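Here are the chains, one letter per residue:
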Amino acid sequence: MNNLVIMKNKQAVTSSLQVAKTFEKNHRDVLKAITNLQKDVRNFAQMFSKTNVPDSYGRDRKAFYMNRDGFTLLAMGFTGNKALEFKLKYIDAFNAMEQSLKQVPRKKLDPVLQAELA
């Protein structure tokens, strides 16, 4: 899953094309999954941005850029080995962050976070 994230307009994003490549899916299927999310996700525009990317012949093709939240929302709906690998890595990273936060002295933590970690 290397090279999944790029910087665009000072924000870490990935593209639907890169997601398709990384998860070994057809780009049209990734586009369909994103379009399906658009119907139900209230803040869709904050996570996904429609764009056109030239194909190997120079023709424009529809694509999306997405931030971390959009990518995570999309990838959590995927199935298959690559998707399972991502989900397990995500869980490991989340657990590691939680453990790290538990090591921070309590007085330095936000009161809401402090209560959640208790």
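That block above? That's the structure.
The rules we used
- Residues numbered from 1 in each chain as written.
- Predicted model: local features only at pLDDT ≥ 70, side-chain atom pairs only at ≥ 80, totals over all residues.
- Heavy atoms only, no water.
- Pairing = 2+ DSSP bridges.
- Helix = DSSP H or I, 4+ residues; strand = E, 2+ residues; numbered from the N terminus.
- Core = buried A, V, L, I, M, F, W, Y, C linked by side-chain atoms within 4.5 Å.
- Buried < 20%, exposed > 50% of the residue type's maximum accessible area, 1.4 Å probe, protein only.
- Salt bridge = Lys/Arg side-chain N within 4 Å of Asp/Glu carboxyl O.

Asks: How would you sum up the pairing of strand S4 (residues 60-66)? Please name residues and give values.
Replies: Consecutive side chains of a regular strand alternate in pointing toward one face of the sheet and then the other. As judged from the 2 bridges shared by strand S2 (residues 11-15) and S4, these two strands associate in the antiparallel manner. What sits directly across from serine 15, in S4, is tyrosine 65. Judged from the 7 bridges that link them, strand S3 (residues 48-54) and S4 form a sheet pairing that is antiparallel. By the bridge assignment, valine 53 is partnered in S4 with arginine 61.

Asks: Describe the nonpolar core, naming the residues involved and giving the relevant values.
Replies: Val19, Phe23, Ile34, Phe48, Leu74 and Phe78 are the most contacted members of the largest nonpolar core, which totals 19 residues. Elements with a contribution of two residues or more to this core: helix H1 (16-22), helix H2 (27-40), helix H3 (44-47), S4, helix H4 (68-75) and helix H5 (81-103). Looking at this core, the element that brings in the most residues is H2, giving 4 residues.

Asks: An account of the pattern of salt bridges is requested, with residue identities and associated values reported.
Replies: On inspection of all chains with the given rule, the structure shows 3 salt bridges. For the salt bridge of arginine 59 with aspartate 55, the shortest nitrogen-to-oxygen distance reads 3.0 Å.

Asks: Could you give an account of unusual backbone geometry, naming the residues involved and the relevant values?
Replies: Trans is the common state for peptide bonds, and a negative phi is the common state for residues other than glycine. The phi dihedral of asparagine 9 is positive, around 50 degrees, even though this residue is not glycine. The topology assignment puts asparagine 9 in the loop between strand S1 (6-8) and S2. Positioned with a positive phi, glutamate 24 is a non-glycine residue whose angle comes to about 55 degrees. Its place among the elements puts glutamate 24 in the loop between H1 and H2.

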